[in-house]
Amino acid sequence: MRTVVEGLLSGEIFEDYAVLSVDDLSRLCSVDRTCIVELVEEGVLRVIEVDSAEWRFSGAALRRARAAMRLQKDLEINLPGVALVLELMEELGRVRSELEVQRR
Amino acid sequence: MEFKDYYKVMGVARDATEAQIKQAYRKLARKYHPDVSKEKDAEARFKEVGEAYEVLKTPEKRAAYDQLGQGPRPGENFKPPPDWGAGFEFSGAGANSGGSQGGADYSEFFESLFGGARRAGARGSTHPFDAGHGADAGRGEDHHAKVMLDLDATLHGGSRQFGLRLPEIDAQGRLIAKERTLNVQVPKGILPGQTIRLAGQGSSIGTGAGGTPGDLYIEVEFTPHPLYRVDGRDLYLELPVAPWEAALGAGVKAPTPGGIVDLKIPAGSHAGTKLRLKARGIPASTPGDLYVMLQIALPAATDDKAKQAYRALADALPFNPRTSLGV
């Protein structure tokens, strides 16, 4: 294994500027277009309207889509199950941070 | 190299049935899946379990693995026997068949036994440290990684170093994990779960001359801060005040991300009183707020003077804090 230390890199916050198409998401998630369409139909991904005939997604959709794909593949959960897991995880996240704030 | 006891990893007996192994895998996979688990070493455990399952679920691999016995004694180095794999039909064929681990994720132990014939690009994966496939011709794969970030980085910006293991093809054409230490300028105001995209820092595997490398997506999570808790862009600080400061009101010093400020405690405050300091949270075009939650700290009655003061207070105030309990 080699170790390389590199110069200073800078990038922007992806979620702040990215607007993604179905093709972008399918490429970034290494899946077929149909998988992305199914995620939209199941309500896992939300389409944002930017006066376009084609579906557009916010940058935050990338993380959600990748998590959905991982859950589907690794735990063999079907799509409605994935949608439920993601919603419950979000709820759990909210509850946890509320608990953090109120603790002590 | 370290010997891996795959039965121990899966928590099953050496004579476990296929059904038992599958059941154990499912249970562990749910427990350690990085998207669901809050366990500290979830990512590493999930990979370990996936690797163990990859071997134990495939009869040929399991049989070959079983021939190794229980491995060397503790502290001894493991080396595959010279006749390793003779008579078994698995070389390379099955290593990509299940789970969703990317090529560079298996341990050295696994690679030395089962990894011989594998080549990069065989499959894609969406795991945080893996390359994705489906890159266009002439464009390298995108890489995705997850890092822990301190709150100060998002509050003030600044550069941070991240050590990442990223897949790369070596001179022999094998897929290896390369350790890269990236020095990254953290964008101010980034939140947990958000991503820094570093254009052109992904893989250049298979791009050929003149091709463009893929991009690197770094997802950040925050390490806990000693003073502030984070909720969205808002920060929460617990500020201890003396009973008389809360009762009578006072001017006290309070830490904020931008430095120490003078804070006015209103008279009649109590434990849990929430004071909002506008726009002192995580920066953005509409920055978050800092909420100061008051805590009442009691001075200890350790000496006569303190005891006397408490007695004087008790005498002066007819106060029953338990009236709401009916006692």
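For the structure itself, look to the data block above.
As the structure is a computational prediction, the values presented were derived from the model and not from experiment. (Residues numbered from 1 in each chain as written. Chains lettered and ligands numbered in written order. Predicted model: local features only at pLDDT ≥ 70, side-chain atom pairs only at ≥ 80, totals over all residues. Heavy atoms only, no water.)

Novice: I'd like a description of the overall build of chain A, backed by residues and values.
Specialist: When helices and strands are counted, chain A shows five helices and four strands. Dimensions of chain A, computed from the C-alpha atoms along their principal axes, are close to 45 × 40 × 35 Å. Counting only residues that meet the buried cut, chain A has 39% of its 104 residues in that class. Accessible surface, chain A: about 6100 Å² in total, of which carbon and sulfur atoms supply 50%. In chain A, 14 positive and 20 negative side-chain charges are present, and the distance between their average locations comes to 7 Å. (Helix = DSSP H or I, 4+ residues; strand = E, 2+ residues; numbered from the N terminus. Buried < 20%, exposed > 50% of the residue type's maximum accessible area, 1.4 Å probe, protein only. Areas by Shrake-Rupley, 256 points an atom, 1.4 Å probe, with all protein chains shown as cover. Lys, Arg positive; Asp, Glu negative; His and termini not counted. Charge placed at Lys NZ, Arg CZ, Asp CG, Glu CD.)

Novice: Pulling in residues and values, what's your account of the overall build of chain B?
Specialist: Check the secondary structure of chain B and you find eight helices and 11 strands. A separation threshold of at least 6 residues defines the contact pool for chain B, and within that pool the share at least 24 residues apart is 57%. With the model as given, the accessible surface of chain B reaches about 16900 Å², and the carbon-plus-sulfur share is 52%. (Contact = heavy atoms within 4.5 Å.)

Novice: Mind laying out the environment of B:Gly210, listing which residues take part and the relevant values?
Specialist: Here B:Gly210 shows up in the loop between strand E4 (195–198) and strand E5 (216–222). Spatially, the C-alpha atoms of B:Gly210 and B:Ala199 are 16 Å apart, while their sequence positions differ by 11 residues.

Novice: Got a sec to walk through the interface of chain A and chain B? Specific residues and values, please.
Specialist: Each side of the interface is counted separately: chain A has 40 residues, and chain B has 55 residues. Taken together, the two surfaces of chain A and chain B that pack against each other cover about 4300 Å², and 51% of this comes from carbon and sulfur. At the junction of chain A with chain B, the criterion picks out five salt bridges. Of the charged contacts, one joins A:Arg27 and B:Asp142 as a salt bridge, the two residues approaching to 2.9 Å between their closest N and O atoms. Across the contact surface, chain A and chain B share 14 residue pairs in polar contact (both at pLDDT 80 or more). Elements supplying a minimum of two residues to the side of chain A that touches chain B: strand E1 (3–10), strand E2 (12–13), helix H1 (14–17), helix H2 (22–28), helix H4 (60–75) and helix H5 (79–102) of chain A. The leading source of residues in the side of chain A that touches chain B is H4(A), at 10 residues. (Buried area = accessible area lost by both parts, 1.4 Å probe. Salt bridge = Lys/Arg side-chain N within 4 Å of Asp/Glu carboxyl O. Polar contact = N/O pair within 3.5 Å; in protein donor to acceptor, adjacent residues only side chain to side chain.)

Novice: Requested: an account of the pattern of salt bridges, with residues and values cited.
Specialist: Summed over all chains, the structure comprises 18 salt bridges over all chains. B:Glu219 serves as the salt-bridge partner of A:Arg63, at 2.9 Å between the closest nitrogen and oxygen. Taken together, the residues span two chains, with A:Arg63 in helix H4 and B:Glu219 in strand E5. A relative accessible area of 34% means that A:Arg63 is categorised as partly exposed. The class of B:Glu219 is buried, set by a relative accessible area of 15%. Of the charged contacts in the structure, one is a salt bridge between B:Arg26 and A:Glu76, with a shortest N-O distance of 2.9 Å.

Novice: Describe in detail the sheet that holds E5(B), supporting the description with residues and values.
Specialist: If you trace the four strands from one edge of the open sheet to the other, you get E2(A)-E4(B)-E5(B)-E1(B), paired in mixed fashion. Edge positions in the sheet fall to E2 of chain A together with strand E1 (143–149) of chain B, since each has one partner strand and no second. As defined by bridge partners, E4(B) adjoins E5(B) across four bridges and the pair is classed as antiparallel. Counted as the bridge partner of B:Arg197 is B:Tyr217 from E5(B). (Pairing = 2+ DSSP bridges.)

Novice: Describe the packing of H4(A) against H5(A), and please don't skip the residues or the numbers.
Specialist: Residue and element names in this part refer to chain A. With their axes 10 Å apart at the nearest point, H4 and H5 run at an angle of 125 degrees to one another. When the interaxial angle is binned, H4 and H5 end up oblique. As H4 packs across H5, the resulting crossing turns out to be right-handed. Residues Arg 64, Ala 67, Ala 68, Leu 71 and Gln 72 of H4 lie in contact with H5, whose contacting residues are Leu 79, Val 82, Val 85, Leu 86 and Glu 90. Across the contact of H4 with H5, the residue classes break down as seven nonpolar, one polar and two charged. (Axes fitted to C-alpha atoms, helices over the stretch in contact; angles between N-to-C directions. Parallel < 35°, antiparallel > 145°, perpendicular 65-115°, else oblique. Left-handed = near helix turned anticlockwise from the far one by under 90°. Nonpolar A, V, L, I, M, F, W, Y, C, P; charged D, E, K, R; others polar.)

Novice: I'd love a proper account of the side chain of B:Gln194, names of residues and values included.
Specialist: Note on placement: B:Gln194 falls in the loop between strand E3 (175–186) and E4. Leave out the neighbours within four places in its chain, and B:Gln194 touches A:Ile13, A:Glu15, A:Asp16, B:Gly189, B:Ile218, B:Glu219 and B:Val220.

Novice: Outline the packing of aromatic side chains, supporting the account with residue identities and numerical values.
Specialist: Residue and element names in this part refer to chain B. Taken as a whole and assessed by the stated rule, the structure comprises 12 aromatic pairs over all chains. With centroids separated by 5.3 Å and ring planes inclined at 50 degrees, the aromatic side chains of Phe 110 and Phe 114 adopt a geometry described as tilted. Of this pair, Phe 110 and Phe 114 both sit in helix H5 (residues 108–114), four residues apart, which is roughly one turn of that helix. We classify Phe 110 as buried; its relative accessible area is 0%. Pairwise contacts between aromatic rings join Phe 3, Tyr 6, Tyr 7, Tyr 65 and Phe 109 into one cluster. Its end group placed over the ring of Phe 114, Lys 61 keeps NZ or CZ at 5.7 Å from the ring centre. The residue whose ring lies beneath Lys 274 is Tyr 291, and the NZ or CZ to ring-centre distance is 5.0 Å. (Phe/Tyr/Trp six-rings, centres within 6.5 Å; stacked < 30°, edge-to-face > 60°. Lys NZ or Arg CZ within 6 Å of the ring centre and 35° of its normal.)

Novice: Pulling in residues and values, what's your account of helix H3 (residues 33–41) of chain A?
Specialist: Residue and element names in this part refer to chain A. What H3 keeps buried is the set Ile 36, Leu 39 and Val 40. Axial view of H3: buried residues confined to an arc of 100 degrees, hence all on one face. Residues of H3 that are buried in the fold lie against H2, strand E4 (57–58), H4 and H5. Note on H3: the residue one or two positions beyond its end, Gly 43, has a positive phi of about 85 degrees. (Arc of directions from axis to C-beta.)

Novice: So what's going on with the nonpolar core? Which residues, and what values?
Specialist: Ranked by size, the top nonpolar core spans 57 residues in total, and within it A:Leu25, A:Leu45, A:Phe57, B:Met10 and B:Tyr65 carry the most contacts. When neighbours within four sequence positions are excluded, A:Leu25 is seen to be in contact with A:Leu20, A:Ile36, A:Leu45, A:Phe57, A:Ala61, A:Leu62 and A:Ala65. B:Leu149, B:Leu198, B:Val220 and B:Leu237 belong to the second-largest nonpolar core, a separate cluster that totals 39 residues. (Core = buried A, V, L, I, M, F, W, Y, C linked by side-chain atoms within 4.5 Å.)

That's the geometry; what it means functionally is another story.
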